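Residue strings, one per chain:
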Amino acid sequence: SHRLRAVALLMAVVLVVSLGYGAGTPLLPLYVKQFVGSAAPAALAWHVGAVGGAYTFALFVFAPLWGRASDRRGRNIALAGGFGIFLVGGVASALAPNLAAAYAARVLAGAGAAAVMPAAQAYIADFSAPVARSRRFVLLGSASFVGFLAGPMIGNWLAGPVMNVSAGIMPAMVNWPWLAVAAVGFPVLLLVPLWIKAQTTTARPTPPKATSVVRARFVRASMLL
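Here's what I pulled together on the structure shown here. Bear in mind that the values here come from a model prediction, so they are computed numbers and not experimental data.

### Thoughts on the environment of Pro 41
Line of reasoning, step 1. Mapped onto the elements, Pro 41 comes out in helix H3 (residues 41-73).
Line of reasoning, step 2. Take Pro 41: its relative accessible area is 67%, and that puts it in the exposed class.
Line of reasoning, step 3. Sequence separation between Pro 41 and Val 219 is 178 residues; the distance between their C-alpha atoms is 39 Å.

Put into structure tokens, the structure is as follows:
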């Protein structure tokens, strides 16, 4: 049925995004070292943290914007747009010629990834009864968790050690995981407009003003945390 296909596709999208993040994380020191060369260890460590943080900061900034866009423009547009931007950001990360480009690519990937979970959860909420919705949310969370666990192992394998590749060419191979994730992700992206219907938020009763104020405070506190 449409709903089963949609949930399966959403799980695949979430899995690819989690793989893309996890696969590159343990290789960030080697990735950054390509650009900073023989810089002081402190500078290398700072850029490793900052390049990784650029991705997660973009998630924080763009997730609310994508959530609003999915309400106004449709879940399928937000999901396809965000997922596509994430994949382009991964390819750009792999092909970055310098450190500035690497930062920009990680921000781009994070900005795209920020759309995936809000749009996926909203789409499921639109057509699911409460019990089914909770179960499908768990499936999305499980797909994300599997990606985070498997990503580092896959990234390390692709980068060379398990393939008996000389460590001397390792710096060039740290780009492979992001390219591999993009190769898997682009066919999944093509299915999004086919399996995810154009759907915007359904009309719901306007909550009492007091409840809206409490909810707004809760959202602001959550964002601050």
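Next comes the rest of the description.
### As for the packing of aromatic side chains
Line of reasoning, step 1. In the structure shown here, the tally under the stated rule is seven aromatic pairs.
Line of reasoning, step 2. When the centroid spacing of 4.9 Å and the interplanar angle of 80° are considered together, the rings of Tyr 31 and Trp 178 count as edge-to-face. With a gap of 147 residues between them, Tyr 31 in helix H2 (residues 28-36) and Trp 178 in helix H9 (residues 176-195) connect regions that are remote in the sequence. For the residue pair Tyr 31 and Trp 178, the accessibility class agrees, reading buried in each case.
Line of reasoning, step 3. When the centroid spacing of 6.4 Å and the interplanar angle of 10° are considered together, the rings of Phe 83 and Phe 86 count as stacked. Placement of both Phe 83 and Phe 86 in helix H4 (residues 75-95) is noted, with a separation of three residues, approximately one turn of the helix.
Line of reasoning, step 4. Connected via pairs of aromatic rings, a cluster forms that spans Tyr 21, Tyr 55 and Phe 148.
Line of reasoning, step 5. A cation over an aromatic ring shows up here: Arg 5 above the ring of Trp 195, its NZ or CZ 5.9 Å from the ring centre.

### As for the packing of helix H1 (residues 2-24) against helix H6 (residues 116-127)
Line of reasoning, step 1. Remark: H1 packs on H6, axes separated minimally by 10 Å, with the N-to-C direction vectors making an angle of 165°. With respect to H6, the axis of H1 lies roughly antiparallel. As for how H1 packs across H6, the hand of that crossing is left-handed. Of H6, the residues touching H1 (which contributes His 2, Arg 3, Ala 6, Val 7, Leu 10, Val 13, Val 14 and Val 17) are Val 116, Met 117, Ala 120, Tyr 123, Ile 124 and Phe 127.

Calculation criteria
- Residues numbered from 1 in each chain as written.
- Predicted model: local features only at pLDDT ≥ 70, side-chain atom pairs only at ≥ 80, totals over all residues.
- Heavy atoms only, no water.
- Helix = DSSP H or I, 4+ residues; strand = E, 2+ residues; numbered from the N terminus.
- Buried < 20%, exposed > 50% of the residue type's maximum accessible area, 1.4 Å probe, protein only.
- Phe/Tyr/Trp six-rings, centres within 6.5 Å; stacked < 30°, edge-to-face > 60°.
- Lys NZ or Arg CZ within 6 Å of the ring centre and 35° of its normal.
- Axes fitted to C-alpha atoms, helices over the stretch in contact; angles between N-to-C directions.
- Parallel < 35°, antiparallel > 145°, perpendicular 65-115°, else oblique.
- Left-handed = near helix turned anticlockwise from the far one by under 90°.
- Contact = heavy atoms within 4.5 Å.

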